[in-house]
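# Residue-level structural notes
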Amino acid sequence: MPSKQKNAAKNAKPVKKITYEKSTDKIKLRTDKQKITTQPNRKTNNKVVSDSDRNLKDTAYLTQRADQIFEILSKDELPETIALEYEDHYTLLVSTILSAQSTDVQVNKITPALFAVASTPQQIAELGVDQLIEYIKSIGLFRSKAKNIIATSKMLIERFNSTVPNNIDDLLQLPGVGRKTANVVLNFGFRKPTFPVDTHVFRLANRLEISNGKTPDQVEQDLEKYVPEKWALEAHNFLVWHGRNVCKARKPECTKCSLSKICNSKDKVI
Ligand code: SF4
């Protein structure tokens, strides 16, 4: 199972330009009457997306766009997994709970000392909340995270034979585990094609117009619908790394973005 990963800088690559706009409840393609400003028959990665293709049903068009986006990102040589350091399913679960509203860097600073003394549900349950706090008190929400990790560890012992379940319904029963955490565990721990939506995925899915979701759940549903199966395992990872390194929240580095030619975001700065 993978552990330490490093960031990778991304360089821009020439790709084609596509323009479409969002309606309130689902993405709606522009019509010719709305004066599409893009060029016809724009080529990228050996694919052609003509204006006539824009008349396809939304699902077909957006699936094609998502395919195009991940095809481009796949050439950026992004790290193969998340930045969180972990040893197995359980330590991945604990690290992911700890990462809520904290950075992976902050979590990676505290987990080595914790996992050196306790790295199983039984060992961490035996630590108790107060002792666990001593290891994690440098990160935000440490009190509630400590309570949830202890409660989760006890539930794993009592109901799941001290193992981390490999399905979302069981994972969501664990204290402190929401859809993002559950999907991270399923994706990176069990290699299931899930779409955890964190702040980076939420922002990029909207900027790249493969979703106009207003909530993480809506974005997750759009990604499930539009991301081709061949990218489903990697989509989250690609978006997270691109969001961290290039398409940053406040100052996206559009001049070095490999997606700049197909990006129509209002946040684009070129
Ligand atoms: S906003 Fe800028 S950095 Fe983000 S995807 Fe668009 S061009 Fe790339």
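Residues numbered from 1 in each chain as written. Predicted model: local features only at pLDDT ≥ 70, side-chain atom pairs only at ≥ 80, totals over all residues.

Per an unreviewed UniProt entry, the protein chain goes by the name Endonuclease III and belongs to Candidatus Cytomitobacter primus. The annotation that UniProt attaches to the protein chain under Catalytic activity (unreviewed entry) is "2'-deoxyribonucleotide-(2'-deoxyribose 5'-phosphate)-2'-deoxyribonucleotide-DNA = a 3'-end 2'-deoxyribonucleotide-(2,3-dehydro-2,3-deoxyribose 5'-phosphate)-DNA + a 5'-end 5'-phospho-2'-deoxyribonucleoside-DNA + H(+)". Comment text from UniProt for the protein chain, heading Sequence similarities (unreviewed entry), reads "Belongs to the Nth/MutY family." (UniProt positions renumbered as here; feature names shortened; annotations may be inferred.)

Of the regular secondary structure elements, the protein chain holds 10 helices and four strands. Going from N to C terminus, the protein chain has its helices and strands arranged as β-β-β-β-α-α-α-α-α-α-α-α-α-α. Pairs at least 24 residues apart make up 62% of the contacts formed inside the protein chain by residues separated by at least 6 positions. (Helix = DSSP H or I, 4+ residues; strand = E, 2+ residues; numbered from the N terminus. Contact = placed C-beta atoms within 7 Å.)

Further remarks concern the UniProt feature "binding site: [4Fe-4S] cluster" (unreviewed entry) in the protein chain. Mapped onto the present numbering, the UniProt feature "binding site: [4Fe-4S] cluster" (unreviewed entry) falls on Cys-247, Cys-254, Cys-257 and Cys-263. Separation in sequence by 17 residues is not matched in space for these annotated residues, since their most distant C-alpha atoms are only 10.8 Å apart. With respect to the helices and strands, the residue Cys-247 is situated in the segment after helix 10 (235–245). When sequence neighbours within four positions are dropped, the list of residues in contact with Cys-247 reads Leu-204, Arg-207, His-242, Pro-252 and Cys-257.

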